[in-house]
Amino acid sequence: TMLECCNAEYGGQISGACISMLPSPPTASPTETGDLDVFYPDTDTPWSEAGCINTRPLPSGRPTFDTMLECCNAEYGGQISGACISMLPSPPTASPT
């Protein structure tokens, strides 16, 4: 294959010219997929209805939190609607069982 040829004959090529000619060449910074490992406040939604999300890309300047609960407590602690807390995978209830 062309990849095998590039690796065998041009493995030390600093310019990456051979590899760059592949039909789908690898990149130095591949695009990451999936959700982020951190949560941040969704400021695109009105505060009373908003919650914390972990979708890509992370907007510049947003605070980040390790968990959704930490984010909800810090960013939406006074939220009367409880919208953020209700988005937790296992939200607390008013009358626990």
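The text that follows walks through the structure, step by step, so that each part is easy to find.

Criteria and thresholds
- Residues numbered from 1 in each chain as written.
- Predicted model: local features only at pLDDT ≥ 70, side-chain atom pairs only at ≥ 80, totals over all residues.
- Heavy atoms only, no water.
- Disulfide = S-S within 2.5 Å.
- Helix = DSSP H or I, 4+ residues; strand = E, 2+ residues; numbered from the N terminus.
- Buried < 20%, exposed > 50% of the residue type's maximum accessible area, 1.4 Å probe, protein only.
- Core = buried A, V, L, I, M, F, W, Y, C linked by side-chain atoms within 4.5 Å.
- Contact = heavy atoms within 4.5 Å.

1. Thoughts on the state of the cysteines
Then step 1. Taken as a whole and assessed by the stated rule, the structure comprises three disulfides.
Then step 2. Covalently, Cys72 is tied to Cys84 through a disulfide, its sulfur atoms 1.9 Å apart. On the sign convention where negative means left-handed, the S-S torsion of about -80° between Cys72 and Cys84 marks this disulfide as left-handed. With a gap of 12 residues between them, Cys72 in helix H3 (residues 68–76) and Cys84 in helix H4 (residues 83–86) connect regions that are remote in the sequence.
Then step 3. The connectivity of the disulfide-linked cysteines in the chain, indexed sequentially, is 1-2, 3-4, 5-6.
Then step 4. Cysteine Cys5 is unpaired, with the sulfur of Cys18 as its nearest cysteine sulfur at 5.5 Å.
Then step 5. Overall, the relative accessible area of 39% leaves Cys5 in the partly exposed class.

2. A short note on the nonpolar core
Soluble globular proteins tend to bury their nonpolar side chains together.
Then step 1. Among the nonpolar cores identified, the biggest contains 10 residues, and these are Phe39, Ala50, Cys52, Phe65, Met68, Cys71, Cys72, Tyr76, Cys84 and Leu88.
Then step 2. A total of four residues in this core trace back to one element, the largest contributor, which is H3.
Then step 3. Ignoring sequence-local partners within four residues, the contact set of Met68 consists of Phe39, Cys52, Met87, Leu88 and Pro89.

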